[in-house]
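# Understanding the architecture of this molecule
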Number of protein chains: 2
Amino acid sequence: MTKTSASIPQLGKVYLIGAGPGAADLITVRGAKLLAAADVVFHDALVEPEMLAYCPQAEKIAVGKRCGKHSTAQKFINKRLVDAAQKHQLIVRLKGGDPMIFGRADEEIAELQEAGIEVEVVPGITAALAAAASLKQSLTLRGVARSVAFSTQAKAVDATNGVNRAVDTANTSIDLPTADTLVIYMGRNEAVSIAKQLIAQGRVMTTPVRIIEAISTKRERSLSLTLAEMANGLASDWFDGQAPALLLVGAVFGNRLENTDILTNSRLSA
Amino acid sequence: MTKTSASIPQLGKVYLIGAGPGAADLITVRGAKLLAAADVVFHDALVEPEMLAYCPQAEKIAVGKRCGKHSTAQKFINKRLVDAAQKHQLIVRLKGGDPMIFGRADEEIAELQEAGIEVEVVPGITAALAAAASLKQSLTLRGVARSVAFSTQAKAVDATNGVNRAVDTANTSIDLPTADTLVIYMGRNEAVSIAKQLIAQGRVMTTPVRIIEAISTKRERSLSLTLAEMANGLASDWFDGQAPALLLVGAVFGNRLENTDILTNSRLSA
């Protein structure tokens, strides 16, 4: 890669930066500094407006899909990044959560590297960890859980991290990992079938589940229920439908949380 | 909890903050701001000195275990946090990586809440995601991997996130999750047995493995090998022995990485 970029020194560098779960101050210091120095910022449509206050100087371009709304195809995003690196020096691709989980970063990295453009990745706080922080509950716990898996059952993972899509769940093959604690991204539409599958895999009906939406934003809300209740569709009416939702399943969530309401509109906190 | 703290309003608030993988600018903006406002900072012994430059005003106290060296017992850390909240207003407990993965945060939170002390958790970049960023390789990939699990096989998880301990591997029961991509924290001493177990579980011998040490620091180094090679002990001589090490296993690592050396002292980058 350096071979190519050395012969075309005027090419800019592209930073794939994780914006984190939503709150503007949950981006990394490195990410915020790069935003402040960027010529152009391509951001997911779901990135909070407050996040873009870090880069008043930059040209800001919304890309990426959002729930049921107009979206930019991944190939077109890739092309725009390559084009931008031919015109600008510091290009930021700002992605929700962490770029390396359910983020389609590989497609962007591959296309940029093929064009001889230098790429650097700045990690971000992924939704599962921000949820654990909000819930004040570790995803691993001595004697209870020593592994945690992040999975998605959505047929197609959107260009935007954390977005749910209306997919035909009837034909979705379910292949869930077997970790002690399980976090499912973009699982809203498959909540019932995921719960049924986990019970079929041997998880007890009373396994605690937390569902959390719009993590770390003012609109954050969470729901506490059991696996059996989720299998029976109890979460269906609760979902907002617009906000990204995360399903968290495992014995750790029965550990210490005071909130035992089936439905709560307020943040679960101790 | 609020009941108790209302009657003792002079109690301080404790922030459990994830320092991230090592580099000072991979902490969150929120974490850095809280450090700058802290009265006292209890930090893992492994936290990089540069990170503590955020809090010149604070009393800084190293706690937590480190590889083979003197360490502070978890119960004693819990007690010191409670004591500090009775003397100071803003107390930071700075933990390597993310507090909610392999970090024993629950014990600290429980003890603080029992004492009526308010606790807030600020997430951090966990080592697996920082490793993915350094390797420029997503942990999930369309058509290749739609789940990733983080696990530890160390018998005891240290108070310090990401620390390896010399444990008797002969008696360690191995119970690895089945996600497409697997990241093992603190797995250095169990590398051979983990590889053998994964092969026994049905992973192909040629499954790519990456091992990465001292992620995001100047001492970062990584190794590329196959599962069969790890099972044969090829990584054993490579380990530094002092730095935290992460094992990453899965087909995604055969995707696009140019570096195919068995041993490399330089950072794997494209």
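### Describing the pattern of salt bridges
Residues and elements named next belong to chain B.
- With the rule as written, the count across this model stands at 24 salt bridges over all chains.
- Here E120 makes a salt bridge to K13, at a shortest N to O gap of 2.7 Å. With E120 in strand β5 (residues 118-122) and K13 in strand β1 (residues 13-18), the pair connects residues that are 107 residues apart, well separated along the chain.
- Assessed through its relative accessible area of 21%, E120 is described here as partly exposed.

### Looking at unusual backbone geometry
- Its identity is not glycine, yet M186 of chain A carries a phi of approximately 55°, on the positive side.
- Along the chain, the position of M186 of chain A falls in the loop between β7 (181-185) and α6 (191-200).
- Exposure remark for M186 of chain A: the relative accessible area of 3% places this residue in the buried category.
- Look at S216 of chain B: it is not a glycine, yet its phi comes out positive at around 75°.
- Assignment of secondary structure puts S216 of chain B in the loop between β8 (208-213) and β9 (221-226).

### A look at the packing of aromatic side chains
Residues and elements named next belong to chain B.
- Counted according to the given criterion, the structure contains seven aromatic pairs over all chains.
- Residues F102 and Y185 carry aromatic rings whose centres are separated by 4.9 Å and whose planes lie at 55° to one another, so their mutual orientation is tilted. In this pair, F102 sits in the loop between β4 (90-95) and α4 (105-114) while Y185 sits in strand β7 (residues 181-185), placing the two residues 83 residues apart along the sequence.
- Note on F102: relative accessible area 2%, which makes it buried.
- Taking 5.8 Å as the distance between ring centres and 55° as the angle between the ring planes, the aromatic pair formed by F150 and Y185 counts as tilted. Highlighted residues: F150 in strand β6 (residues 147-152) and Y185 in strand β7, separated in sequence by 35 residues.

### Some words on the sheet that holds strand β2 (residues 40-44) of chain A
Residues and elements named next belong to chain A.
- Judged by pairing direction, the sheet is parallel, and its five strands sit side by side in the order β3-β2-β4-β1-β5 without closing on themselves. Each of the sheet's edge strands pairs with one partner strand only, and the pair in question is β3 (59-63) and β5 (118-122). Strand-to-strand twist across the sheet, computed as the mean angle between neighbouring axes with direction ignored, equals 20°.
- The pairing of strand β1 (residues 13-18) with strand β4 (residues 90-95) spans six bridges and is parallel. Along β4, the bridge assignment pairs L16 with R93.
- In the packing of helix α2 (residues 29-37) onto the sheet, the strands contacted are β1, β2, β4 and β5, and the crossing angle to β4 comes to about 130°.
- Running over the sheet, helix α4 (residues 105-114) touches β1, β4 and β5 and is turned about 170° from β1.

### Describing the relation of the copies chain A and chain B
- Rotating chain A by 180° and translating it 0.0 Å along the rotation axis places it on chain B, where the RMSD comes to 0.0 Å. Expressed as a symmetry operation, the mapping of one chain copy onto the other fits a two-fold axis.
- Interface overlap between copies: 100% of the residues of chain A at the interface are likewise at the interface in chain B, consistent with a symmetric, same-surface contact.

### Observations regarding the nonpolar core
- With 90 residues, the main nonpolar core has F150 and L246 of chain A together with F150 and L246 of chain B as its most contacted residues.
- Every residue in contact with L246 of chain A, bar those within four places of it in the chain, is listed here: A127, A128, A131, V183, I184, Y185, R210, I211, I212 and I215 of chain A.
- Counting residues in each nonpolar core, the second largest holds 44 residues, with I194, A195 and L225 of chain A together with I184 of chain B among its members.

### Focus: the interface of chain A and chain B
- Across the boundary between the two partners, chain A contributes 61 residues, which contact 61 residues of chain B.
- Together chain A and chain B conceal approximately 4,900 Å² of surface at their shared face, both sides included; 55% is due to carbon and sulfur atoms.
- Residue D25 of chain A is joined to R30 of chain B by a salt bridge in which the shortest nitrogen-to-oxygen separation is 2.8 Å.
- Summed over the shared surface of chain A and chain B, the result is 21 residue pairs in polar contact (both at pLDDT 80 or more).
- Mapped onto the side of chain A that touches chain B, the elements with two or more residues apiece are α2, α4, β5, α5 (127-135) and β6 (147-152) of chain A.

### Here we look at the confidence of the model for chain A
All names here are of chain A.
- Confidence in the prediction of chain A, expressed as mean pLDDT, is 84, and 80% of residues score 70 or more.
- In this model, residues 156-172 is a region of pLDDT below 50 whose contacts with residues beyond four sequence positions or in other chains number 59 contacts.
- For the stretch residues 258-270, pLDDT sits under 50, and the model shows 32 contacts to residues farther than four places along the chain or on other chains.
- Predicted as a complex, the structure gets a pTM of 0.87 and an ipTM equal to 0.86.

### Points about the packing of helix α3 (residues 74-85) of chain B against α4 of chain B
All names here are of chain B.
- Between α3 and α4, whose axes approach to 9 Å, the crossing angle comes to 40°. Here α4 runs oblique to α3, going by the angle between their axes. α4 is crossed by α3, and the crossing has right-handed handedness. Residues Q74, I77, N78, K79, L81 and V82 of α3 form the contact with α4, whose own contacting residues are E107, E108, E111 and L112.
- Taken together, the residues that form the contact of α3 with α4 break down as four nonpolar, two polar and four charged.

### Considerations on the pairing of β1 of chain B
Residues and elements named next belong to chain B.
- The buried count for β1 comes to six of six residues, which makes it a mostly enclosed element.
- Residue alternation in β1 divides its side chains into two sets, K13, Y15 and I17 and V14, L16 and G18, and both sets are buried.
- Bridging between β1 and β5 involves five bridges; their strand directions are parallel. The residue bridging K13 from the neighbouring strand is E118, located in β5.

### Re the sheet that holds strand β10 (residues 245-249) of chain B
- If you walk across this open sheet you meet the 10 strands as β9(A)-β8(A)-β10(A)-β7(A)-β6(A)-β6(B)-β7(B)-β10(B)-β8(B)-β9(B), and the pairing is mixed. Each of the sheet's edge strands pairs with one partner strand only, and the pair in question is β9 (221-226) of chain A together with β9 of chain B. If you compare each strand with its neighbour and ignore which way they point, the axes differ by 15° on average.
- Direction of pairing for β8 of chain B relative to β10 of chain B: antiparallel, over a ladder of five bridges.

### Looking at the environment of L112 of chain B
All names here are of chain B.
- Looking at the element boundaries, L112 is found in helix α4.
- Separated by 34 residues in sequence, L112 and N78 have C-alpha atoms that sit 7.5 Å apart.
- Apart from the residues within four sequence positions on either side, L112 is in contact with V14, L16, L81, V82, I117 and V119.

### Focus on α6 of chain A
- Here α6 of chain A has its buried residues at A191, I194, A195 and L198 of chain A. Taken end-on, α6 of chain A shows its buried residues confined to a sector of 100°, consistent with a single buried face.

Reading the values: the criteria
Residues numbered from 1 in each chain as written. Chains lettered and ligands numbered in written order. Predicted model: local features only at pLDDT ≥ 70, side-chain atom pairs only at ≥ 80, totals over all residues. Heavy atoms only, no water. Salt bridge = Lys/Arg side-chain N within 4 Å of Asp/Glu carboxyl O. Helix = DSSP H or I, 4+ residues; strand = E, 2+ residues; numbered from the N terminus. Buried < 20%, exposed > 50% of the residue type's maximum accessible area, 1.4 Å probe, protein only. Phe/Tyr/Trp six-rings, centres within 6.5 Å; stacked < 30°, edge-to-face > 60°. Pairing = 2+ DSSP bridges. Axes fitted to C-alpha atoms, helices over the stretch in contact; angles between N-to-C directions. Contact = heavy atoms within 4.5 Å. Least-squares fit on C-alpha atoms with pLDDT ≥ 70 in both. Core = buried A, V, L, I, M, F, W, Y, C linked by side-chain atoms within 4.5 Å. Buried area = accessible area lost by both parts, 1.4 Å probe. Polar contact = N/O pair within 3.5 Å; in protein donor to acceptor, adjacent residues only side chain to side chain. pLDDT = per-residue confidence, 0-100. Parallel < 35°, antiparallel > 145°, perpendicular 65-115°, else oblique. Left-handed = near helix turned anticlockwise from the far one by under 90°. Nonpolar A, V, L, I, M, F, W, Y, C, P; charged D, E, K, R; others polar. Arc of directions from axis to C-beta.

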